[in-house]
Structures are given as C-alpha cells and as structure tokens.
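A look at the structure
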Amino acid sequence: MSISSSIDSVKARQGLDADSIAWGFAEHLKYSLGVDSFSATRNDRYLALAMTIRDRLINQWIKTQQTHHRKNAKRIYYLSLEFLIGRSMGNNVINLGLQPVVEQALTELGYSWEDLREQEEDAGLGNGGLGRLAACFLDSMATMDLPCFGYGLRYDYGIFRQQIENGYQIEHPDDWLRTGNPWEIERPEITVPVHFGGRVEAITTRGRREYRWLDTSVILGIAYDMPIIGYGGSTVNTLRLWSARSAEEFDFSEFNEGDYVEAVSSKVMAENLTKVLYPNDTLYLGKELRLKQQYLFVACSLWDILRRFQKSGKSWHEFPDMAAIQLNDTHPSLAVPELMRLLMDENGLDWDAAWDITIRSLGYTNHTLMPEALEKWPVSMLEKLLPRHLQIVYEINHRFLQKVSIQYPGDPEILRNMSIIEEGDTKQVRMAYLSIVGCGSTNGVAALHTDLLKTRLVPDFARFYPSRFNNKTNGITQRRWLLKSNPGLSALISSKIGETWITDMTQLEKLKSWADDPDFQKAFMDVKRQSKLKLIDYVHETCGWQLNPDSIFDVQVKRIHEYKRQMLNALHIIMLYNNLRKNGIPKNFIPRTFLFAGKAAPGYTMAKLIIKLINNIASVINNDPGIHGAMSVYFLPNYRVSLAEKIFPAADVSEQISTAGTEASGTGNMKFMCNGALTLGTLDGANIEIIEQAGKENAFIFGLTAEEVEHLRPRYNPYDYYHNNPEIKEVIDLLFSGHFNFSEPGLFEPIRDALFLRGDHYMHLADLITYADAQKKIAALYADPAEWAKKAILNIASSGTFSSDRTILDYNRDIWHVKPVHIEKSDNPEETIEEAKNPGTDEHRPLYRRRAEDQQKDQ
C-alpha cells in the first residue's frame, strides 16, 4: 500500500475524508434534525454540518481531559466575563485541518461551504477587546498544548444587536441562541448551588472560630461546555459557561391558587442573572444584578475548580501546584474572598494557610488606566447580598493596612489611599485594590500601560509590592485573524515562506526579504483589492451602499468612547470636506473611504451622540454633488467578530488615535498590522511597541505623548486652538453651523460643551493639526503603490511578536508555570465502543486488558 493510500485509509477510519463528511451531514439532516433535502432550511444544513464537524472532535476532546487527569496536570483556569469567540464553524474546521475535504464534500452535495458558514450566529458572549483577547488566549493555549479551562457565563442575549435608524444607534436583543448552539453540550449533572443574602453566624468549636452562612436564597448554576480546538486538532480544551436556573421551577401551590405570574417569579428572577451581558447599571437594580451576575460566575467556577482538585487526593497546600487562576480584569475579583471562604468555612483551613493558597493561586490582569473605570461596589450592597464575603474583605483590608502602617509609620494619608474600603458618603469596596492585594501577580497589557499603572494609577501598591507587577503585552491569534479571515494573503505568505508561521508567527519576519520585490508587491496589492471587493459585496448586500475599491480604505473600528477619539476622526473628515468644497478637487486626488464601526454602551449618551454625528456627516458628504465621490463616509452597523474578519483584510489605514496615556493596549491595531494596513496613531497603548517592531518610518505617528498630555493638562485651553488656528476655527464653525443637522437644531450642543465648556478632556483640538498632517502624508504615500506595498509588507513581517502565542508563553513563564501536555491523536474508531462500555464490570473490560491483568494476577 502506498503512503498516500495509507493516509487516505486512516482518514476514512477517522471519518475525516470527504465521503465520511458527506455521509455524516446526510445522517444528521435525517436523524438529528428530521428533515430531508426538500424540507431542510439553510439553518438545518448549517446545523447538520456543525454536528458533523463536532462528531470529529469529540473523541479528541474526551481524550484531552482523560490525559490531563491521568497525568495530574496543572491547569490554567482563565476567568473572564467575556469570550468573544465569534463563529466557531470556520475556526474549528481550519484547526482540525478539514477545510479541503469539507469543501469537497459540500460541493459534491451541491452546497457552498461559504454559504453554510455564513449561517452561523456570532456567539453573544462579549462586547469588546476584553472578550476578543480572551478568545485569542484560549486558541493559543490549546494550540500550545497547555491544559486550560475557560470559565464564563452563558448569556441568553449578547450585549445587543445594533441598528442605525436616522443616524441613531438603536439597541435590539441579540438573541444569538434562538436557533440553538450546536457547539455546546449541557452538563446538567454539574449544577452548583450559589447562595445570596442571609446572615452570618459565628460559633466557637474546639477553640476555633467558625462562620456559618445561613438563611440564604439559592440560585443554581448549570454548566455548558464548548470545545476549544488547538491548531492541528491534538488538544481540545474546554470553555465552561454557567447558566442561571431557579432552585424551584415554580411554586405549585401558588399555581394551583391561580396566581400564575407569581408562581414562576423566582424562576424569572434567577434566570435574569444570565439573561444579558452587562445589564445597564445606571440604576440600583442594574448594579445589584451585575454584582449577583459576577458572584454567580465566580462561585460556580471556583466550586468546579476545587471539586476537580479534590478528586486528585492531594493536600490543600498543593493546590497552587495544580491550579493557576487568572482573573481577566476586575469582574472576577470576588474570587479573592470566595476562595478564602471555601478554604476556611467549607474545608476547615485557618486564615494564614488559606491566604497563602489564595495568593499563590490567583493572578490579576488590569485592563484600564481610567480611575472612573475601576470597579467599586457599595458596602451596603455587599452586606445585603454577600455578608460573609464582606467580613472577609474587611479582614483582608485590616491585615493589609497593618502591614502598610509598619512600612509607612505615622502616615494616615497613605493608609487612606491604599485601603480596599473607600470612605465617603457611600462606602465602597475598591475591587482593583482587592485584586492587587489578593493576587500574587498583577500585570498590565502593554509596556506603556504597565508603566503608567505603576506610576500613575496605583503607585503606592507598586512600591509596596514591587515584585508582583509585570507586563504582558497583548496579542492576537494569527489562526483566526490572518489564516481564517484573510485566506488570500495567507496563501501568498505561505507561497514564499511556508506554513510554519501558523504556529510560530515570528516566521513572518522572513517576508522582509520580499518587501522590495516588485512581483510580490503587486501580488500583495492584488490580494488587498480582492479583500476590498469582498467587503464591498457584503456592504452592498447588507446596507445597499456602493464603496469605491480604488479609494483608500481608512478604518476606525472599536467601541465608541470619547477617549478612543472617533470625534477626532470626524473633525478631520469635516476639515477635508471643507477644503474640497472651498478649493475644488485636486487633479490627482486619491479618493478616500472612511469606515467606522462599533457599539456605544446603551447608557453612554455622548458616545451615542458621536455615532449620530458620524452618520449625519456621512449623509451630507455622500450626497454632496460637489464632492463627486472624492470622499465618502460609512458607519457599518452591528460590529462583531464576523464583520471584523471582513474589515481587517480590506483596510489600508488603521486608525489608533486615542489620547496618549488612555488606551491600555488595543488588539485591533495588531489585527490591522498583520493584514497589511499601515498604522495612523498616537504613541499610546501597544502602538508604541508596534512602531518599535515595524519602524517609525513605516507608520504615521502624530500627537502629544503621554508625558506631554500630563504636562499640558493643567494649562490646556481649547479656545486657544480655536482662536489661533484658522483651519480649526473653520472646522468648529462648520460643525456647529447646522450644516450637518439643519433639520435638528441644537442637536450637537453637548459636543460643543464637551470641547469647550468642559475643557476638551481628551485634547482633540491639541492633536487635530498634526493628525491632519499625518493624513496628508498617507495620501502622498498611497500615490506610490510600490512604496505603499513595501511598507505594508514590512508591517506584516514585523507583526510576529504580537501573536497571542507569545503572550501566553510570557504568562506561563512568569506566572502560571504549567507544563504542556501533548495529546496523542487516535485513528482507532473502536475506542468509541470501548468508551461506551460499563467500566465497573469484568466482562466490559477490553479483552486485551483482561488478559494482561489476569496474567499479572497469575504472576
């Protein structure tokens, strides 16, 4: 038998050939969904294909968990309220290496792989960069054979589905589960009782003070598992999501008495906890729901982690050797008092032993530099919902401040600054401080961010715990954000340097030798144009707009926030528009297409007004006959992972223009970079490291530095820029003249107030002219396609350090210390039968095992 036929035979036994895929697809249509080719909908066909793919990873998923258990492997537990994994089908097929055979099978059946893949809903498990980062980390850990569980919540609805009506953001429910999720498996046997309210009773037993949490109300957390497949399909880790359920489905007596609404009220209240991601917390009830949501997530996850550890039979002091628990931002920070409670109250450890285990097991990642964004919870709310945890927080704070007072004697101010409890009209628990004190590691997510974290945000803590603070610059998975989302560019790269970059992104550096090659430059520009055409087709199909593929695609896609400065982009667009109106369109002017996308938090009025402004500007410019298509502006609705996968490959310019010193890191900048877009940005977040890698000459950097912002702020006066620069004055005057809101007078007055009366906190006017100058440089460079292509190729070649694989290596080296565990891939389908047999009876032991064991007995 030839090597190729032997490989084909193995694939057939594994069900990995085209015929087996087609057969599985047909079987699931008929037997799982109960339809035939005439009655099947597109969604039925998607579900049948998803089930077929899932069948081919289940064996390896089970084998992964068995191997980790058998080897007593230390695991990483990644706790995050967000996992923005997008769509699973394409990623799973690529990581399993099945795309060619899946395409072949579907073609032979008369279906399109692309069409079926587009049927999948984006998983509504996140909102922004926090969730996208967590998803990248899970992909990297599985690819690198690191044992890992991700823990989060299974939201019935995502953040919201965004529509734009008359320029305004309108929020609709994101019912992403309405047609089911074929990638998840419900685990009703893994049900966790979670307690709220009640009272704490202290008793003394054999001279030891013990605490009992009594008279609580109980909500159940039910586990749902999703497979996370590493590239190559060897390791399949688990994302475990918790869904809230009532301990009692309904009150039967009230139902019988005719009070049907009240009979199910407890069920409704319980299930509200995982109904939606980030309920609006502008009202007290919204805040309370968020706190309960966070505790449900933490309590279920830690219960599961401790349950798994106790199966090992090891003593508690070995727990940190078996579990590395990483808190992604402050949302899981209740893990500190909850782990202490479980160790002391449920398992009998004393305070010092429990504290040592907690410190050595937990790590905390900070994601913000804004003091107002650091989570705080009212003491009164914690006292009502989690009274035992508040006691533990007070004790942690007491012991911590005792140590601070020893190091800084006679300094009440530093005690006040470092206290976990913030005094004031409303006492609050500072969750970031709790995380720093209760975790053995605190890391920032970019070099500048970590430096500012230590010098500006929490300098006293950084001095007190110098060894705990460290940097872990964020990264992205090249498997999703290049290999999957940009197959044309991926194929071009692999044709020159091979495919090793898929698991070692630093190999992209080899492309530097091709940056000056005219044929490669042309091939790159051809691929970029094809990516633009794909995005153009999507936009035309979904929005009815016709974009110009010969224009510069200048893109800013991210959460809408004042510090991210979509407003600065809008001001420049008005400036460019005004110049073209006044002076006419220059002879060799290259058209510009400005693309925006992103969601504003439902309660964030200014961010929603910025969306309205952008859409009004778009309406005026796109319909102005005097512009003749020289520039156009579009706000793409409902930004999400699957849309991002279409945008990044098509972009020419990556807008990363936050006020210096405000962005923690950013990962969109990295996705643009590896797809060949040039960065237009400030020296903020990870932009600094991007410039270090690519070279300042291969990007467009403008604006104040973080130090200059800090120095200028006390004397910054936006009126100085308005009065002293005619171009800025013209832009501001046109904006507020009613030109962009003639039918809605006064609409944008809050923006005027923000820019002038409230002092332009994010310094738009200070950076506007240098930003406009950088935009002129972009236009000049784009007029030279070869030079533009060269710089774009050099950016791709320099993007290797921004792989999440590298980030995970850094975390593991410095914090987690988890050994990779390689999982053997099996080609033996008889294993499935063996797994199904009862392991408790002699006759169900495999024959070969019985013989070996019987021989041992005889000996």
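This is a predicted model, so every value here is computed, not measured.

1. Quick look at the overall build of the protein chain
Across its full length, the protein chain holds 36 helices and 22 strands. In summary, the protein chain has a C-alpha radius of gyration of 29 Å against a globular reference of 29 Å for 859 residues, a match within 12%. Here the C-alpha coordinates of the protein chain stretch approximately 95 × 85 × 65 Å along the principal axes. Expressed as a percentage of the 859 residues in the protein chain, the buried residues total 58%. Considering only contacts within the protein chain whose residues lie at least 6 apart along the sequence, 76% involve residues at least 24 apart. Carbon and sulfur atoms make up 51% of the accessible area of the protein chain, which totals about 35200 Å².

2. A word on the packing of helix 12 (residues 335–346) against helix 15 (residues 387–407)
Where helix 12 meets helix 15, the closest approach of the two axes is 9 Å, and the angle between their N-to-C directions is 100 degrees. Comparing the axis directions of helix 12 and helix 15 gives the class roughly perpendicular. Between helix 12, through V336, P337, E338, M340, R341, M344 and D345, and helix 15, the contact on the second element is made entirely by R388, H389, I392, V393 and I396. Looking at side-chain class alone, the contact of helix 12 with helix 15 contains seven nonpolar, one polar and four charged residues.

3. Section: the confidence of the model for the protein chain
As a general rule, the predicted coordinates of low-pLDDT regions are not to be interpreted in detail. Mean pLDDT over the protein chain: 92, with 92% of residues reaching 70 or higher. Throughout residues 1–7 the model reports pLDDT below 50, and contacts reaching past four residues in sequence, or to other chains, amount to one contact. Low pLDDT, under 50, characterises residues 841–859; the stretch is placed with eight contacts to residues that sit more than four places away or in other chains.

4. Concerning the sheet that holds strand 13 (residues 421–422)
Within the open sheet, the three strands sit side by side as 12-14-13. Their pairing is antiparallel. Because the sheet does not close on itself, it has two edges, and the strands there are strand 12 (376–378) and strand 13.

5. Remarks on the pairing of strand 15 (residues 441–444)
Neither face of strand 15 is left uncovered, since the one carrying S441 and N443 and the one carrying T442 and G444 both have all their residues buried. Taken together, the three bridges between strand 11 (residues 362–365) and strand 15 define a ladder with parallel strand orientation. Across the sheet, residue Y364 finds its bridge partner in strand 15, namely T442. Sheet topology note: the strand 15/strand 16 (residues 469–471) ladder contains three bridges and is parallel. Pairing of T442 across the sheet is with F469, part of strand 16.

6. Description of empty space enclosed by the protein
The full count for this structure, using the stated rule, is four cavities of 30 Å³ or more. Of the pockets and cavities examined, the largest cavity occupies roughly 220 Å³. When contributions to the lining of the largest cavity are tallied by element, the ones reaching two or more residues are helix 4 (89–96), helix 7 (129–143), strand 8 (217–229) and helix 20 (478–484). Broken down by element, the lining of the largest cavity gets its largest block of residues, five residues, from helix 7. For the lining of the largest cavity, a count of residues per class yields 11 nonpolar, five polar and four charged. Of the pockets and cavities examined, the second largest cavity occupies roughly 140 Å³. Lining the second largest cavity we find 13 residues, and of these R75, R308, F309, S312 and M322 sit closest to its centre.

7. Some remarks on the side chain of Q566
Structurally, Q566 is set in helix 23 (residues 566–583). By relative accessible area, which is 1% here, Q566 ends up buried. Beyond its immediate sequence surroundings of up to four residues, Q566 is in contact with Q556, K558, R559, I560, H561, F596, I610 and I614.

8. Looking at helix 32 (residues 764–782)
In this model helix 32 runs 26 Å from its N-terminal to its C-terminal C-alpha over 19 residues, within 8% of the 27 Å that 1.5 Å per residue would give. At T770, helix 32 shows its largest kink, close to 25 degrees. The set of residues buried in helix 32 consists of H764, L765, A766, D767, L768, Y771, A772, A774, Q775, I778, L781 and Y782.

9. What to know about the environment of A797
If you trace the backbone, A797 turns up in helix 33 (residues 785–797). Given the relative accessible area of 3%, A797 is considered buried. As a C-alpha pair, A797 and S658 span 139 residues in sequence and 25 Å in three-dimensional space. If near-sequence neighbours (up to four positions away) are discounted, A797 is found in contact with L508, E509, L511 and K512.

10. Digging into the state of the cysteines
Within this structure, the stated rule accounts for zero disulfides. Free cysteine: C439, not disulfide-bonded; nearest cysteine sulfur from C148 at 17 Å. Classification of C439 by relative accessible area gives buried; the value is 0%.

11. Quick word on the packing of helix 32 against helix 33
Helix 33 packs onto helix 32 with a crossing angle of 115 degrees between their chain directions and a minimal axis gap of 7 Å. Overall, the two elements helix 32 and helix 33 adopt an arrangement that is roughly perpendicular. Contacts between helix 32 and helix 33 pair I778, L781 and Y782 from the former with P785, E787, W788 and K791 from the latter. When its residues are assigned to classes, the contact of helix 32 with helix 33 shows five nonpolar, no polar and two charged.

12. Section: the sheet that holds strand 22 (residues 700–701)
Each strand in a sheet pairs with another by means of backbone hydrogen bonds, the pair being arranged parallel or else antiparallel. Pairing is parallel in the open sheet, where six strands are placed in the order 19-18-17-20-21-22. Two strands bound the open sheet, and with one partner strand each, they are strand 19 (631–636) and strand 22. The pairing of strand 21 (residues 678–681) with strand 22 spans two bridges and is classified as parallel. Across the sheet, residue L680 finds its bridge partner in strand 22, namely F700.

13. Concerning the pairing of strand 1 (residues 75–79)
Along a regular strand, successive side chains alternate from one face of the sheet to the other. Within strand 1, five of the five residues are buried, which leaves it mostly tucked inside the rest of the structure. Burial along strand 1 is two-sided: R75, Y77 and L79 and I76 and Y78, pointing in opposite directions, are all buried. The sheet contact formed by strand 1 and strand 10 (residues 323–328) spans five bridges and is parallel. Note on strand 10: the bridge partner recorded for Y78 is Q326.

14. Side note on the packing of aromatic side chains
Per the counting criterion, the structure on display carries 31 aromatic pairs. Considering the side-chain rings of W481 and F648, the 5.5 Å spacing of their centres and the 90 degrees angle between planes classify their relative orientation as edge-to-face. Here W481, found in helix 20, pairs with F648, found in helix 25 (residues 641–650); they are 167 residues apart in sequence, far enough to count as distant. Assigned by exposure class, W481 and F648 land together as buried.

Criteria and cut-off values
Residues numbered from 1 in each chain as written. Predicted model: local features only at pLDDT ≥ 70, side-chain atom pairs only at ≥ 80, totals over all residues. Heavy atoms only, no water. Helix = DSSP H or I, 4+ residues; strand = E, 2+ residues; numbered from the N terminus. Rg over C-alpha atoms; globule rule 2.2 N^0.38 Å. Buried < 20%, exposed > 50% of the residue type's maximum accessible area, 1.4 Å probe, protein only. Contact = heavy atoms within 4.5 Å. Areas by Shrake-Rupley, 256 points an atom, 1.4 Å probe, with all protein chains shown as cover. Axes fitted to C-alpha atoms, helices over the stretch in contact; angles between N-to-C directions. Parallel < 35°, antiparallel > 145°, perpendicular 65-115°, else oblique. Nonpolar A, V, L, I, M, F, W, Y, C, P; charged D, E, K, R; others polar. pLDDT = per-residue confidence, 0-100. Pairing = 2+ DSSP bridges. 1 Å grid on protein atoms, 1.4 Å probe; cavity = no way out; pocket = protein on both sides within 12 Å on 5 of 7 lines; lining within 4 Å. Points joined across faces, edges and corners; volume = space filled by probe spheres on them. Expected span 1.5 Å × (residues − 1). Bend = angle between axes of the 7 residues up to and from the residue. Disulfide = S-S within 2.5 Å. Phe/Tyr/Trp six-rings, centres within 6.5 Å; stacked < 30°, edge-to-face > 60°.

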